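# Summary of the model geometry
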Amino acid sequence: MMVIPSIFIPEDWSFTFYEGLNRHPDSIFKDKTVAELGCGNGWISIAIAEKWLPSKVYGLDINPRAVKVSWINLYLNALDENGQPIYDAEKKTLLDRVEFYESDLLAYCRDHDIQLERIVGCIPQILNPNPDAMSKMITENASEEFLYSLSNYCALQGFVEDQFGLGLIARAVEEGISVIKPMGIMIFNMGGRPGQAVCKRLFERRGFRVDKLWQTKVIQAADTDISALVEIEKNSPHRFEFFMGLSGDQPICARTAWAYGKAGGHIAHALSVYSCQLRQPNQVKKIFEFLKNGFHEVSSSLDLSFEDDSVADEKIPFLAYLSDELKECSGFPYESPAGRKRFRNLIARFMKIYHHIPLNSNNVVIFPSRAVAIENALRLFSPRLAIVDEHLTRHLPRQWLTSLALEGTENYDPSKDAITVIEAPRQSDLMVELIKKLKPQVVITGMAQFEAVTSSAFVHLLDITREIGSRLFLDISDQLELSSLPGPNGVLKYLAGTRLPAHAAILCGLVKNQVYSDLEVAFVISEEEAIFRALSKTVEVLEGDTAPIKQFYYGCLFHELLAFQLADRHPPAERECEKANSVDAIGFASSAISVLSDSELSISEEEKSSLIHMDVDQSFLPIPSPVKAAIFESFARQNLAESETDVTPSIQQFIKSNYGFPSNNSTEFIYTDFSQALFNRLILCCIQEGGTCCFPAGSNGNYVSAAKFLKANIVSIPTDSGSGFKLTDKLLTGVLETVNKPWVYIAGPTINPSGLLYSNKEMENILTTCAKYGARVVIDTSFSGLEYDLEGWGGWNLEETLSKLNSCGNPSFCVSLLGGLSLGVLKFGFLVLNHPSLVNAFYSFPGLSKPHSTVKYAIKKLLGLNEKRADLMVAVAEQTKKLKSRSQRMKETLEKCGWEVLQPCGGVSMMAKPSAYLNKVMKIKHSADGDVKNAPTYEAKLDDSNIREAIVKSTSLCINSGLWTGIPGYCRFTFALEDGDFERALNCIIKFKDLINN
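The structure presented is a predicted model; accordingly, all values stated were derived computationally and were not measured. Within any chain, residue numbers begin from 1 and follow the written order of that chain's sequence. For a predicted model such as this one, the threshold for reporting local features is a pLDDT of at least 70, and the threshold for listing and counting side-chain atom pairs is 80 or more; totals across whole chains, interfaces and linings nevertheless cover every residue. Computation of side-chain values: all heavy atoms of the structure, hydrogens and water removed.

## Considerations on the overall build of the protein chain
- Scanning the protein chain for helices and strands turns up 36 helices and 29 strands.
- Relative accessibility thresholds used throughout: buried, under 20% of the residue-type maximum; exposed, over 50%; partly exposed, between the two (1.4 Å probe, protein chains only). Put simply, the protein chain has 998 residues, and 58% of those count as buried.
- Contacts are assigned to residue pairs with any non-hydrogen atoms lying within 4.5 Å of each other. Counted over contacts in the protein chain with a minimum sequence separation of 6, partners at least 24 positions apart contribute 77%.
- Carbon and sulfur atoms provide 50% of the accessible area of the protein chain, an area that totals close to 40,800 Å².
- Neither His nor the chain ends contribute to the count of charged residues, in which Lys and Arg are positive and Asp and Glu negative. Lysine's charge is taken at NZ, arginine's at CZ, aspartate's at CG and glutamate's at CD. On the protein chain, the mean spot of the 100 positive side-chain charges and the mean spot of the 119 negative ones are 3 Å from each other. Each helix is a run of DSSP H or I of at least 4 residues and each strand a run of E of at least 2, with the numbering of both proceeding from the N terminus. Accessible surface area values rest on a Shrake-Rupley calculation with a 1.4 Å probe, where residue burial reflects the displayed protein chains alone.

In structure tokens:
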């Protein structure tokens, strides 16, 4: 073997490495494609080829002279003394099996699309004490000293392992993930200086199973300067591991080793050979493909090391799924409030394949949690009496559980529309006895484990509730197993053979995952279309939506259980029809019927995939990269510290910086996924206090609908066109003089739906008026933060005004701040309360769904970036610029088509009046299935009551009319659409004009 001074000379390091390779069985390299990193003079690549007969060995080295010497050594070993080729047992020569190339780690294989089965490497693991030296260009004409240093030292690689000198190994491993075949193996020589745990973790946190093949001690090379390790110890708590000679058994730190070596002592360190194999290769490859696509910084947070295989089997596929979603989707399309269609389909397929129940997505409604589903169901039906399993009442409103207003008792007052909940034991015979005696209108119960094995208890409950006309919601949360071998379940077995009766529904809270004990989502199954639609709209009115990230997580679990199943392998089960009802069950509450039928909630007929939604408070703009990074990092991390998910300091700073809103030690911060759920809790506090909700005309129509659904007293505060339909102190005074215990809702600084801005002075006048009358004020900032026409505005600073009003105003006056951050799939709502009595009232309604710790981590990260990082600020600025351009184009298009437009200054929506169309008659043929030829004719004289329907039927564009905005004649358009949808929306507006004119 030939060696020259500018390349690494074989010694203990490489000999130990080869010994480790020898510990593998002979089949390890046979017929495999192998790459050796840092091949030096090529002897290990040649030895592998000679001993194990691989298909091909690629010897790679960054040192161009090393590659030339390796080729020379290859020919020296491939030819005999007469220059004739030496053939092996398979009639091949070393020249057939080995090639050498200049390559920075695996760049050659990556550039030539070479997939490897084995990657082996013995590469530098100490940072160069002279970092500038590593920045030189590597050429064949470089000095021998510089080229030789490449064998001993490495430069910073941008990995967290750099602090241990292992950055080059880390980069090699991550490059290897992209080119190694799924069952491939990596083998690396690792100096034990950083400690065995650190060395092993480098591989484990990247998703590898690790075996230590061989370990020994070697003398630290005299020509290797370890001063860089001394410097690391100086600046961190980490201590490297050296030994005083080969016989030393007690580790010493780098500083001690450096001093001992300088004094003439021989220092040694452990040397290990690790063999690593990806535990879930396809998924891990997807994760790293995502990270290298602009998210390298997140890789330092990635932790795929798991002691429990069941945790790994759940977490790694989810991260791979999340990677795909974030990589492929610039934004996320509209989804029905019933839940993401894909998630509902997965639940239905799981029920069909594992339990033989022929369901579809329109039988499944998604809720944020089981507690939310129960409370929303009770509010939908508003029964005078409900019996609820004692295990399911913990999160119900306190007054429901303390009411004694039972029919036939002295406390019963039929004029009061109140819900009374009686707690009951879970045992079915006792529950049945209570149902017979009390005759409740709604029953919500689970089943004891011993009763759930068969269907008899369930059938008994169905029969008794049918007999007396009760609605039954049966909770199977404890019995549903997300497993490929689920245990017996009597309820699901019954449903496999019999259709779910119209008066019954199945409830299930999903909390059984291996990783996050506090990550919950729930679903309700009903085979009654009216119940499905009503529950879906209830989610929209009372919750806003269910957090997409929760649906992603459990959707991935269902997908993993279904992905390997053959489709339609079993014929659909034949099911019996339900028995006829003997007594009509309770219908929906009158307030629910009014809201669900008359309010302009989102149009979500899912068969109409071509609908364009300008009728929802969502942004469909691309998700900025920093947001994607924060979302992924929140799940990539393990063992998040409480301080890392404590978002309160960040929210305090956020509201102070943006609005000058004060907070102190007694301020209460409350969080959920969507701000609408928080708003509705405030409405309940208002009702409990006997107050009146005061909405300015031109408020968010969904919020007004929610207040009606909850049976609040509502007063509309008039606004006029002269002020752009903004609330003024004069108009406010006229209402507050006539209202007892007013609660005033104000959206600002950006007003939804008009997009106009309240100035600081306007807010001062409004708040002063509210303080005079002792009003409770809710300022909703959920639609703010994207202001683009700022001329003469100046922003908000409410601190001085609130301080003055709180010190000398009416003691019942208080201001609560409602806000929200909506960033693609990342949803977060917050509420800031400063009044003790209001805090107590709020917590008497305990069923609020809380944001998951990963969401709080991501939000805290992003709020921190907003203060420090330019890239997030640039992304927000780009979106704001796009919205300004969109608003201008919308204005121009609408005005050309005969609309009177109110020019917005911020936000994602605007208002316009269809002046050219009102009172005109429109006739079109409309068909939901696209068969226009045979469709009936739709005819309407256009006004506020039908303009929305006319536009969607004729153009598939969904907007909100004056019935939603509260301002007669003025429609609402949201324009934060995906680019293609926005262009289609403009065309729809023009198409509608042409239809009317023709």
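## Concerning the side chain of D615
- Along the chain, D615 falls in the loop between strand 16 (612–613) and helix 23 (625–636).
- Of the residues examined, D615 reaches a relative accessible area of 3% and is grouped as buried.
- For D615, the side chain forms a polar contact with the main-chain nitrogen of I603, separated by 3.3 Å.
- Reaching out from D615, the side chain makes a polar contact with the side chain of R948 at a distance of 2.8 Å.
- The contact partners of D615, leaving out residues within four places of it in the chain, are L601, S602, I603, R948, C958, I959, N960, R972 and T974. Between N or O atoms, a polar contact is any pair within 3.5 Å; within protein, one atom must be a potential hydrogen donor and the other a potential acceptor, and residues adjacent in sequence are included only when both atoms are from side chains.

## Focus on the pattern of salt bridges
- Only one rule defines a salt bridge in this text: a Lys or Arg side-chain nitrogen within 4 Å of an Asp or Glu carboxyl oxygen. According to the stated counting rule, one finds 43 salt bridges in the structure shown.
- Note that R681 and E375 form a salt bridge whose closest N and O atoms lie 3.3 Å from each other. Here the residue R681 occupies a position in helix 26 (residues 675–689), and E375 occupies one in helix 14 (residues 370–381), the gap between them amounting to 306 residues.
- For E375, a relative accessible area of 3% gives the class buried.
- With its nearest N and O atoms 2.8 Å apart, the salt bridge here joins E689 to R776. Of the two residues, E689 sits in helix 26 while R776 sits in strand 21 (residues 776–780), which places them 87 residues apart along the sequence.
- A residue is classified by how much of its surface remains accessible, and E689, at 28% relative accessible area, is partly exposed.
- Because the salt bridges share partners, they merge into one network encompassing K30, D31, D88, E90 and R97.

## Side note on the sheet that holds strand 15 (residues 521–525)
- In short, DSSP must find at least two bridges between two strands for them to pair. Strands sit in the order 9-15-14-13-12-10-11 across an open sheet of seven strands; the sheet is mixed. The open sheet is flanked by strand 9 (364–367) and strand 11 (420–424), the only strands paired with a single partner. Across this sheet, the average inter-strand angle for adjacent strands is 20°, counted without regard to direction.
- Of the strand pairs in this sheet, strand 13 (residues 471–475) and strand 14 (residues 504–510) are connected by four bridges, and their pairing is parallel. Its bridge partner being in strand 14, L474 is matched across the sheet by I506. All axes here are fitted lines through C-alpha atoms, helices being fitted over the stretch that makes contact, and every angle between N-to-C directions spans 0 to 180 degrees.

## Examining the packing of aromatic side chains
- Classification of ring pairs rests on two measures: the distance between centres of Phe, Tyr or Trp rings, Trp counted by its six-membered ring, which must be within 6.5 Å, and the angle between planes, read as stacked under 30 degrees, edge-to-face over 60 and tilted in between. Overall, the coordinates contain 41 aromatic pairs when judged by the stated rule.
- Seen in terms of ring centroids, F15 and W43 are 5.7 Å apart; in terms of plane orientation they differ by 65°. Their pairing is edge-to-face. Of the two residues, F15 sits in helix 1 (residues 12–22) while W43 sits in helix 2 (residues 43–52), which places them 28 residues apart along the sequence.
- By relative accessible area, which is 17% here, W43 ends up buried.
- Considering the side-chain rings of F343 and F558, the 6.2 Å spacing of their centres and the 55° angle between planes classify their relative orientation as tilted. A residue pair is termed long-range when its members are at least 10 positions apart, and F343 in helix 13 (residues 341–355) and F558 in helix 21 (residues 548–562) qualify at 215 residues.
- Classification of F343 as buried rests on a relative accessible area of 3%.
- Look at F558 and you get buried, because its relative accessible area is 0%.

## Things to note about the environment of A706
- Relative to the elements of secondary structure, A706 occurs in helix 27 (residues 701–709).
- For A706 and S723, which are 17 residues apart along the polypeptide, the C-alpha to C-alpha distance reads 27 Å.

## Some thoughts on the pairing of strand 22 (residues 814–823)
- Taken across its ten residues, strand 22 has eight buried, putting it largely inside the fold.
- Examined bridge by bridge, strand 22 and strand 23 (residues 826–833) share seven bridges and lie antiparallel to one another. Each bridged residue has a counterpart across the sheet, and for L821 the counterpart in strand 23 is F828.
- Turn length for the strand 22-strand 23 hairpin, with the two strands adjacent in sequence and antiparallel, is two residues, and the turn residue G824 shows positive phi of about 65°.

## Details of the packing of helix 14 against helix 20 (residues 529–542)
- Helix 20 packs onto helix 14 with a crossing angle of 110° between their chain directions and a minimal axis gap of 10 Å. As the angle between them shows, helix 14 and helix 20 are arranged roughly perpendicular. Contacts between helix 14 and helix 20 involve N376, R379, L380 and F381 from the first element and I531, A534, L535, T538 and L542 from the second.
- Any residue outside Ala, Val, Leu, Ile, Met, Phe, Trp, Tyr, Cys, Pro, Asp, Glu, Lys and Arg is labelled polar, Gly included; the first ten of those are nonpolar and the last four are charged. For the contact of helix 14 with helix 20, the per-class residue count stands at six nonpolar, two polar and one charged. Geometric relationships in this document are graded by angle, where less than 35 degrees denotes roughly parallel, more than 145 denotes roughly antiparallel, 65 to 115 denotes roughly perpendicular, and other angles denote oblique.

## Side note on the sheet that holds strand 19 (residues 713–717)
- If you trace the seven strands from one edge of the open sheet to the other, you get 17-23-22-21-20-18-19, paired in mixed fashion. Only two strands of the sheet have a single neighbouring strand rather than two, namely strand 17 (668–672) and strand 19. Within the sheet, the average angular offset between the axes of one strand and its neighbour, ignoring direction, is 20°.

## What about the nonpolar core?
- Core analysis: the biggest nonpolar cluster contains 183 residues, and F188, F203, F458, F523, F632, I655 and V744 have the highest contact counts within it.
- Setting aside anything within four residues of it in sequence, one finds F632 in contact with I287, F290, L291, V298, L302, L319, L322, S323 and L326.
- Counting 70 residues, the second largest nonpolar core, distinct from the first, contains I374, L542, L684 and A747. We call a set of buried residues a nonpolar core when its members are Ala, Val, Leu, Ile, Met, Phe, Trp, Tyr or Cys and they connect through side-chain atoms within 4.5 Å of each other.

## Digging into helix 12 (residues 309–328)
- What a helix should span is 1.5 Å times the count of its residues minus one. Counted at 1.5 Å a residue, the expected span for helix 12 with its 20 residues is 28 Å, and the 29 Å between its end C-alpha atoms agrees.
- In terms of burial, helix 12 is largely enclosed, as 15 of its 20 residues are buried.

## Some thoughts on a negative patch on the surface
- On the surface, a cluster of negative charge is made up of E307, D308, D313 and E560.
- Note on E560: relative accessible area 34%, which makes it partly exposed. The patch calculation keeps residues exceeding 30% relative accessible area without a salt bridge and links them within 9 Å when they carry like charges or within 5 Å when they are nonpolar (Val, Leu, Ile, Met, Phe, Trp, Tyr).

## Quick word on helix 27
- Burial within helix 27 is extensive, with eight of its nine residues counted as buried.
- Those residues of helix 27 lying buried are G701, N702, Y703, V704, S705, A706, A707 and F709.
- Structurally, the start of helix 27 carries an N-cap: the backbone nitrogen of N702 is 2.8 Å from a side-chain oxygen of N700.
- Directly after helix 27, the chain includes K711, whose backbone phi takes a positive value near 65°.

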